[in-house]
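# Chains, contacts and geometry: an overview
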Amino acid sequence: MTQALPPGLRATSVVAASSANLGPGFDSLGIALSLYDEIVVETIDSGLTVEVEGEGEGQVPLDESHLVVRAIRRGLHALDLGVPGMTVRCRNDIPHSRGLGSSAAAVVSGLSVVNGLAAQAGSPVLSERDLVQLSSEFEGHPDNASAAVLGGGVVSWTAGEESAPRYDAAPIRVHPDIRLFVAIPDERSSTAETRVLLPEKVRHADARFNVSRAALMVVALTTRPDLLMPATEDVLHQPQRASAMPASAEYLQVLRRYGIAGVLSGAGPSVLALSTSPELPAEVLDYGTAKGFTVKSMEIGDGARWTSGAALRS
């Protein structure tokens, strides 16, 4: 039987951006970035109010179709909880449609904030494994979702039948010498639009190449950052997407010419650089600025955080 939560409850969640694939780890490797969305939910007597500040303001729906609201409803259903009404306030710093996991962050935010409401009612809460499963069901793949849930670096995988997939992930400890730089363009893209550029079948040689590089990428991320250049090589998705985002593909090549391990962030168009140097070369930064990229140094992001009552950040 569904338990109705009373009006007057308040909960907050903060969830990180993420970069997926990391070159060869298509739909498997991911890393959280120190760029966060925050949502605050209050239960009320009836109705639904959605407010959005920052990224997506004036562009996303403010009703039941809002992704955060859909995720909240899914989380409540998973715990057999209901609310008479709610106010949802979203403060977004993660750019939309740039390959930085904004949709995964929205889903994980909605699911994790349910824990803040449930805890006040003495209800069980969703575990990290539950959050990975439920958020990946929204996404259709677990790389961004699991990075948003767990934080840090992750290796994720899918098991079970295609009609009822099971998603899981394991954290990996990223080497402390690795620095992250994200180049964010003004232009947008969508995973759905760029995924259609990928072939249904790949050559055995290409599959073998990417398997070796994905395995090497785990080694490079954890113990051997000197191997980041060969570890980030890919032949399965980045070359195929180049025509849809020529500026990103070109900037990626510039990074690699300077010996910097650059990859498309997810499906792009943002570019992620991994380096052991504290700064990128001035020529690389100037080139990015000239081509319309905003280049930001970032830390490795934290896992999803939720609390009951007061906000988690100012």
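Residues numbered from 1 in each chain as written. Predicted model: local features only at pLDDT ≥ 70, side-chain atom pairs only at ≥ 80, totals over all residues. Heavy atoms only, no water.

### So, the packing of helix α3 (residues 128-139) against helix α4 (residues 143-150)
Test applied: Where helices are involved, their axes are fitted lines through C-alpha atoms of the stretch in contact, as for all axes, and angles between N-to-C directions lie from 0 to 180°. Each helix is a run of H or I in the DSSP string that is no shorter than four residues. Each strand is a run of E no shorter than two, and both are numbered from the N terminus. Left-handed describes a crossing whose near helix is turned anticlockwise from the far helix by less than a right angle; the clockwise case is right-handed. Residues are treated as being in contact if the distance between any of their heavy atoms lies within 4.5 Å. Gly is placed with the polar residues, together with every amino acid not listed as nonpolar (Ala, Val, Leu, Ile, Met, Phe, Trp, Tyr, Cys and Pro) or charged (Asp, Glu, Lys and Arg).
Packing of α3 against α4 brings their axes to within 8 Å, and their N-to-C directions diverge by 150 degrees. Once α3 is placed against α4, the crossing between them reads as right-handed. Contact with α3, carried on its side by Glu-128, Leu-131, Val-132, Ser-135, Ser-136 and Glu-139, involves Asn-144, Ala-145, Ser-146, Val-149 and Leu-150 of α4 and no other residues of that element. Looking at the contact of α3 with α4 residue by residue, the classes come out as 5 nonpolar, 4 polar and 2 charged.

### Quick notes on the sheet that holds strand β10 (residues 261-264)
The condition that has to hold: Pairing between strands is defined by DSSP: at least two bridges between them are needed.
Reading across the sheet, the 4 strands line up as β10-β11-β9-β12 and stay open at both edges, with antiparallel pairing between neighbours. The strands lining the two open edges of the sheet, one partner per strand, are β10 and β12 (293-298). Across the sheet, the mean angle separating the axes of adjacent strands is 20 degrees when strand polarity is ignored. Examined bridge by bridge, β10 and strand β11 (residues 271-275) share 4 bridges and lie antiparallel to one another. When the sheet's bridge partners are listed, Ala-261 is paired in β11 with Leu-274.

### Looking at the nonpolar core
Grouped burial of nonpolar side chains is what soluble globular proteins tend to show. The criterion, for reference: Working definition of a nonpolar core: buried Ala, Val, Leu, Ile, Met, Phe, Trp, Tyr and Cys residues. They are joined through side-chain atoms within 4.5 Å. Think of it in three bands: residues with accessible area under 20% of the maximum for their type are buried, residues over 50% are exposed, and the middle band is partly exposed, with areas taken using a 1.4 Å probe on protein chains only.
In this structure, Leu-33, Val-41, Ile-72, Val-88, Met-217, Leu-272 and Leu-274 are the most contacted members of the largest nonpolar core, which totals 58 residues. Counting residues per element, this core draws most heavily on helix α2 (residues 102-120), at 9 residues. With residues near it in sequence (within four places) discarded, Ile-72 still touches Val-41, Met-86, Val-88, Gly-110, Val-113 and Val-114. Membership of the second largest hydrophobic core comes to 14 residues, among which are Met-245, Val-254, Ile-260 and Val-271.

### Re the environment of Phe-209
In this fold, Phe-209 is placed in helix α6 (residues 204-222). Take Phe-209: its relative accessible area is 24%, and that puts it in the partly exposed class. For Phe-209 and Asp-234, which are 25 residues apart along the polypeptide, the C-alpha to C-alpha distance reads 7.8 Å. Residues within four places of Phe-209 in sequence aside, it is in contact with Glu-233, Asp-234 and Val-235.

These figures come from the coordinates and say nothing about function on their own.
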